Amino acid sequence: MTGTGTKAAPVAERGRRLEPDQRRAQILSCAVRLFGERPYADVSTRDIAEAAGVARGLINHYFGTKRDLYIEAVRILVTIPAVAVEQLPVGDRATRIDASVTWFLDVVSRHSRSWLAAVDAGDPDVRRVLAEADEVAAQSILTAVGLADTGEHRAIMRAYCGLAKATAREWLERGALDRERSHAVLATTLTTLVRDIFR
């Protein structure tokens, strides 16, 4: 499904002293935005450095090559962070399902161009990152709804992740669904799976 909940600033503040982790996150945030706006080949490390307000050498320092930065940007964008599950509201299963779907739709809409570019990519390295993200998402959803992480449960959740991505595309790319209907599809399907399919 998806990962980053951080809003990318159009252009980073220049001259501001940041801790290394903050500076790295700032570069990643700008990379996510730029790779969503333009094809990979049309984005240079100079562009990213300028957007982040840093010297181009810092990108090499933190990430190595442009390719390495791109793969890391995709990973951050599509992988659900542990904190997302930890911050779900305490409540019954229906409340947690509703909050999980809301979180997912918030993130994909906030980073819609970058997210769509990532999930539609044919690059084999990106496909590998997406497959890893699906595994994390399956485990995260099982934790959120309070189910054991068995092989069968995880397989069903991977299938649900495919539905979630397809539903988001129908909303963000094709406009065939609005947000309300997308939320209803995902929340109702997950509720039905938990109630009627899982053992």
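Quick notes on the rules
- Residues numbered from 1 in each chain as written.
- Predicted model: local features only at pLDDT ≥ 70, side-chain atom pairs only at ≥ 80, totals over all residues.
- Heavy atoms only, no water.
- Helix = DSSP H or I, 4+ residues; strand = E, 2+ residues; numbered from the N terminus.
- Rg over C-alpha atoms; globule rule 2.2 N^0.38 Å.
- Buried < 20%, exposed > 50% of the residue type's maximum accessible area, 1.4 Å probe, protein only.
- Areas by Shrake-Rupley, 256 points an atom, 1.4 Å probe, with all protein chains shown as cover.
- Lys, Arg positive; Asp, Glu negative; His and termini not counted.
- Charge placed at Lys NZ, Arg CZ, Asp CG, Glu CD.
- UniProt positions renumbered as here; feature names shortened; annotations may be inferred.
- Axes fitted to C-alpha atoms, helices over the stretch in contact; angles between N-to-C directions.
- Parallel < 35°, antiparallel > 145°, perpendicular 65-115°, else oblique.
- Left-handed = near helix turned anticlockwise from the far one by under 90°.
- Contact = heavy atoms within 4.5 Å.
- Core = buried A, V, L, I, M, F, W, Y, C linked by side-chain atoms within 4.5 Å.
- Polar contact = N/O pair within 3.5 Å; in protein donor to acceptor, adjacent residues only side chain to side chain.
- Salt bridge = Lys/Arg side-chain N within 4 Å of Asp/Glu carboxyl O.

1. Let's talk about the overall build of the protein
Across its full length, the protein holds ten helices and zero strands. In the protein, the order of α-helices and β-strands from amino to carboxyl end is α-α-α-α-α-α-α-α-α-α. For 199 residues, the compact-globule estimate of 2.2 N^0.38 gives 16 Å, and the C-alpha radius of gyration of the protein, at 18 Å, lies within 12% of that figure. Expressed as lengths along the three principal axes of its C-alpha atoms, the size of the protein is roughly 55 × 35 × 30 Å. Counting across all 199 residues of the protein, residues that qualify as buried make up 44%. In the structure as shown, the protein presents an accessible area of about 10200 Å², 51% of it carried by carbon and sulfur atoms. Looking at the protein, you have 28 positive and 26 negative side-chain charges, and the mean spots of the two groups are 3 Å apart.

2. Some remarks on the UniProt feature "DNA-binding region" (unreviewed entry) in the protein
UniProt records the feature "DNA-binding region" (unreviewed entry) for residues 44-63 in the present numbering. Secondary structure across residues 44-63 divides into 80% helix and 0% strand, with the first and last C-alpha atoms of the span separated by 14 Å.

3. Here we look at the packing of helix α4 (residues 66-78) against helix α8 (residues 124-145)
Here α4 crosses α8 at 25°, and the two axes come no closer than 9 Å. On the basis of their axis angle, the class for α4 and α8 is roughly parallel. Read as a crossing pair, α4 and α8 show a hand that is right-handed. In contact with Arg67, Tyr70, Ile71, Val74, Arg75 and Val78 of α4, α8 contributes Asp125, Val126, Arg128, Val129, Leu130, Glu132 and Ala133.

4. Concerning the nonpolar core
Within the largest apolar cluster, 57 residues are counted, with the highest numbers of intra-cluster contacts made by Ile48, Val78 and Trp115. Of the residues forming this core, the biggest block, nine residues, is contributed by α8.

5. Section: the environment of Thr95
Inspection of the secondary structure puts Thr95 in helix α6 (residues 93-110). Relative accessible area serves as the criterion here: at 35%, Thr95 is assigned to the partly exposed category. Taking C-alpha positions, Thr95 is 28 Å from Glu173, a pair spaced 78 residues apart along the chain. Among the polar contacts made by the side chain of Thr95, one reaches the side chain of Asp92 at a distance of 2.7 Å.

6. Points about the pattern of salt bridges
Across all of its chains, the model carries 17 salt bridges by this definition. We note a salt bridge from Arg113 to Glu37, for which the minimum N-O separation is 3.6 Å. Here Glu37 lies in helix α1 (residues 20-37) and Arg113 lies in helix α7 (residues 112-119), a separation of 76 residues in the sequence. Judged by its relative accessible area of 54%, Arg113 is exposed. Here Arg128 makes a salt bridge to Glu132, at a shortest N to O gap of 3.4 Å. One end of the pair is Arg128 and the other is Glu132, both in helix α8 and four residues apart, which spans about a single turn. For Glu132, a relative accessible area of 35% translates into the label partly exposed.

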